[in-house]
Protein chains: 2
Amino acid sequence: MNYPNGKKKETGSSGMAAKTNKIFSNRGMSLEEDINTTNQYYLDTDKAIIHKKPTPVQIVKVNYPRRSAAVITEAYFKQASTTDYNGLYRNSYIDFEAKETKNKTLFPLANIHDHQIRHMEAIVKHGGISFLIIRFAVYDETFFMPAEKLFTHWYDKLNGGKKSIAYKKIKDEEYLIPFQYQARIDYLKIIDKLYF
Amino acid sequence: MNYPNGKKKETGSSGMAAKTNKIFSNRGMSLEEDINTTNQYYLDTDKAIIHKKPTPVQIVKVNYPRRSAAVITEAYFKQASTTDYNGLYRNSYIDFEAKETKNKTLFPLANIHDHQIRHMEAIVKHGGISFLIIRFAVYDETFFMPAEKLFTHWYDKLNGGKKSIAYKKIKDEEYLIPFQYQARIDYLKIIDKLYF
C-alpha cells in the first residue's frame, strides 16, 4: 500500500530488501524526528503520554534586551544523567534511550553510558518498562531491545567480553519495529507484545 | 529535635507559629532546590526515581572554539509543554508541577497553564499519579494538592469562579508536606497515604 507522501509500510524485510525499497523508505528522517513524530501521534490519539526530555543545558549568561525576551548568550551542553525519553502507557512508566549508528555490522556499546545503565536498572527494579531503540541507518532498520537484554551485553563487556553487539545478533534476537506512516516507529506494538 | 545545620523539622504548625520558628525554618532555600535535594535523597536511598526535567531551551547558535567544548551563544527559553518533574515510585508513574508564591492569602491560578492541566488530565486518565506542590513562602509552608482537586478549581475558574485558591482553603483541605532534614519536602509520605 502506498501512502500519500510516497512512503510505504516497513514490511519487516531484510536489510537487502529494504535497500531495494529505498524510495519508499524513511531515509532522511533522523531517529529522533521519527520518535518525536510517533510520540506526537500517540499523544494526539490519546494512546500514551511520552515526551523527549529537553537537552540539558548549563546556562551561564542571560541578557534581557526587552522585558519580554530573554536571550541566553552563554551556555554549555551538559551530559544527560538519565535517558532521552520517558512517559506513561497503560498505567506503566516507560523509559528509554534511542541510538542511531552508521555502522553496518555492529552497534558499539560506547554509545551507552554507565550512568544510563544504572538509571535503567533502577527503572526496571521499581516496576518500569525500559528499553533501547537502535537504528542501523544503512539498512533503515530500527530495533527494540529490552533493557534486561542490554544489561547482559553491558556486563559481558565489563567482564572482558565484546565492546559491541553484532548487527546479525540484534537482527536475530531483538524486535524489528515496523515503519509506518503515522506512528513511524511504532514501538508500543512491541511493548504490547512483550509486557502486557 | 535540632539537626546539625540548625534546621528543625516542620511540625505542621500554623503560619504564625512557623514565623516564630523562623531561625529553624527552611527559609532561603527555593522550592526547586528543596525538591531537587529531596529527589536526590530518594535516588540515593533507592526509594524512587524522580527527576526535574531540564529547562527547555531553543538553541540558535553554537560556537566550537575547541573540539571538546561547544559554547551556545544564542538561545531562548521555551515554554514547557508539560510539568517540571516526573518519574517512578512503587511501580507508578509520578508527574507533578511545583509552584512557589509570595502571596499571603491566596494562590493565583495564573501560575498554572492550560496545557499543563491537559497534560495532568491525560496522566490521571492513563493511570499515573499527578499533583501540584504549592509553597507559601511567607509562611514557609508547602502543600500537596492532588491533580483532581486542582482540576475542580481550574474548571470553577473557567466557569466564572475564583481566579485563585485561598490560602485558608488550601490549609484546611490539602496536605501539609513536613519539612525534614534529608527528604526536605517528603512528598512521597503523602503519596503513600493517598494512593497506596
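Predicted model, so just to flag it, every value in this text is computed and none were measured.

**Remarks on the overall build of chain A**
On a plain count of helices and strands, chain A comes out with six helices and ten strands. Out of the 196 residues in chain A, the part that is buried amounts to 46%. Long-range contacts, defined as pairs at least 24 residues apart, comprise 65% of the intrachain contacts of chain A with a sequence gap of at least 6. Counting every atom, chain A has about 9,700 Å² of accessible surface; 51% of that belongs to carbon and sulfur.

**Quick look at the relation of the copies chain B and chain A**
With an axial shift of 0.0 Å and an RMSD of 0.0 Å, the rotation relating chain B to chain A amounts to 180°. Such a combination of turn and shift is consistent with a two-fold rotation axis. Same-surface contact between copies: 100% of interface residues of chain B are shared with the interface of chain A.

**As for the interface of chain B and chain A**
Taken together, the contact between chain B and chain A spans 35 residues of the former and 35 residues of the latter. At the surface where chain B touches chain A, the tally comes to two salt bridges. Here Asp46(A) and Lys125(B) are joined by a salt bridge, their closest N and O atoms 2.1 Å apart. Taken together, chain B and chain A are joined by nine residue pairs in polar contact (both at pLDDT 80 or more). Among the elements of the structure, β1 (49-52), β2 (57-63), β3 (71-77), β4 (85-89) and α3 (114-125) of chain B are those that each provide at least two residues to the side of chain B that touches chain A. Broken down by element, the side of chain B that touches chain A gets its largest block of residues, seven residues, from β3(B).

**Quick notes on the UniProt feature "site: Transition state stabilizer" (unreviewed entry) in chain A**
Residue and element names in this part refer to chain A. The sites that carry the UniProt feature "site: Transition state stabilizer" (unreviewed entry) are, in the present numbering, Lys99. With respect to the helices and strands, the residue lysine 99 is situated in strand β5 (residues 92-101). Residues contacting lysine 99, with those up to four places away along its chain left out, are Leu31, Phe107, Asn111, Ile112, Leu132, Ile133, Ile134 and Arg135. Only 3.4 Å separates the side chain of lysine 99 from the side chain of glutamate 97, close enough to count as a polar contact.

**Thoughts on the pattern of salt bridges**
Counted under the stated rule, the structure contains 28 salt bridges over all chains. Residue Asp114(A) is joined to Arg118(A) by a salt bridge in which the shortest nitrogen-to-oxygen separation is 2.1 Å. Separated by four residues within a single helix, Asp114(A) and Arg118(A) lie in helix α3 (residues 114-125), roughly one turn from each other. The class of Arg118(A) is partly exposed, set by a relative accessible area of 49%. For Arg90(B), the salt bridge identified is with Asp192(B), shortest N-O distance 2.8 Å. Taken together, the positions of Arg90(B) in the loop between β4 and β5 (92-101) and Asp192(B) in helix α6 (residues 187-195) put the pair 102 residues apart, joining distant regions of the chain.

**Observations regarding the UniProt feature "binding site: Mg(2+)" (unreviewed entry) in chain A**
According to UniProt, the positions carrying the feature "binding site: Mg(2+)" (unreviewed entry) are Thr82(A), Asp84(A), Glu97(A) and Gln116(A). Spanning 35 residues, the named residues nonetheless gather at one spot, since no C-alpha pair among them exceeds 9.8 Å. Note that Thr82(A) resides in the loop between β3 (71-77) and β4 (85-89). In this structure Thr82(A) touches Lys53(A), Glu97(A), Gln116(A), His119(A) and His51(B), once residues within four positions along its chain are discounted. One polar contact links Thr82(A) to Lys53(A), side chain to side chain, over a distance of 2.7 Å. With respect to the helices and strands, Glu97(A) occurs in strand β5. In this structure, Glu97(A) is in contact with Thr82(A), Thr83(A), Asp84(A), Gln116(A), Phe131(A), Leu132(A) and Ile133(A), ignoring residues within four places of it in sequence. At a separation of 3.3 Å, a polar atom in the side chain of Glu97(A) contacts the side chain of Gln116(A).

**Thoughts on the packing of α3(A) against helix α4 (residues 147-158) of chain A**
The angle between the axes and the distance between the axes are what describe a pair of packed helices. Residue and element names in this part refer to chain A. Relative to each other, α3 and α4 sit at 140°, their axes nearing to 10 Å. As summarised for this structure, α3 and α4 are arranged oblique, according to the angle between their axes. By crossing handedness, the relation of α3 to α4 is classed as left-handed. Judged by residue contacts, Asp114, Ile117, Met120, Glu121 and Val124 of α3 engage Ala147, Glu148, Leu150, Phe151, Trp154 and Tyr155 from α4.

**Topic: the packing of aromatic side chains**
Per the stated rule, a full pass over the model turns up 25 aromatic pairs over all chains. Arranged with centres 6.0 Å apart and planes meeting at 90°, the rings of Tyr89(A) and Phe196(A) form a pair that is edge-to-face. One end of the pair, Tyr89(A), is in strand β4; the other, Phe196(A), is in the segment after α6 (187-195), and 107 residues separate them in sequence. Counting every residue linked through ring pairs, the aromatic cluster contains Tyr42(A), Tyr85(A), Phe96(A), Phe131(A), Phe144(A), Tyr187(A) and Tyr195(A). Over the aromatic face of Phe196(B) sits the side chain of Arg90(B), whose NZ or CZ is 4.0 Å from the ring centroid. If you follow Lys157(B) out to its NZ or CZ, it ends over the ring of Trp154(B), 4.0 Å from the centre.

How each quantity is defined
Residues numbered from 1 in each chain as written. Chains lettered and ligands numbered in written order. Predicted model: local features only at pLDDT ≥ 70, side-chain atom pairs only at ≥ 80, totals over all residues. Heavy atoms only, no water. Helix = DSSP H or I, 4+ residues; strand = E, 2+ residues; numbered from the N terminus. Buried < 20%, exposed > 50% of the residue type's maximum accessible area, 1.4 Å probe, protein only. Contact = heavy atoms within 4.5 Å. Areas by Shrake-Rupley, 256 points an atom, 1.4 Å probe, with all protein chains shown as cover. Least-squares fit on C-alpha atoms with pLDDT ≥ 70 in both. Salt bridge = Lys/Arg side-chain N within 4 Å of Asp/Glu carboxyl O. Polar contact = N/O pair within 3.5 Å; in protein donor to acceptor, adjacent residues only side chain to side chain. UniProt positions renumbered as here; feature names shortened; annotations may be inferred. Axes fitted to C-alpha atoms, helices over the stretch in contact; angles between N-to-C directions. Parallel < 35°, antiparallel > 145°, perpendicular 65-115°, else oblique. Left-handed = near helix turned anticlockwise from the far one by under 90°. Phe/Tyr/Trp six-rings, centres within 6.5 Å; stacked < 30°, edge-to-face > 60°. Lys NZ or Arg CZ within 6 Å of the ring centre and 35° of its normal.

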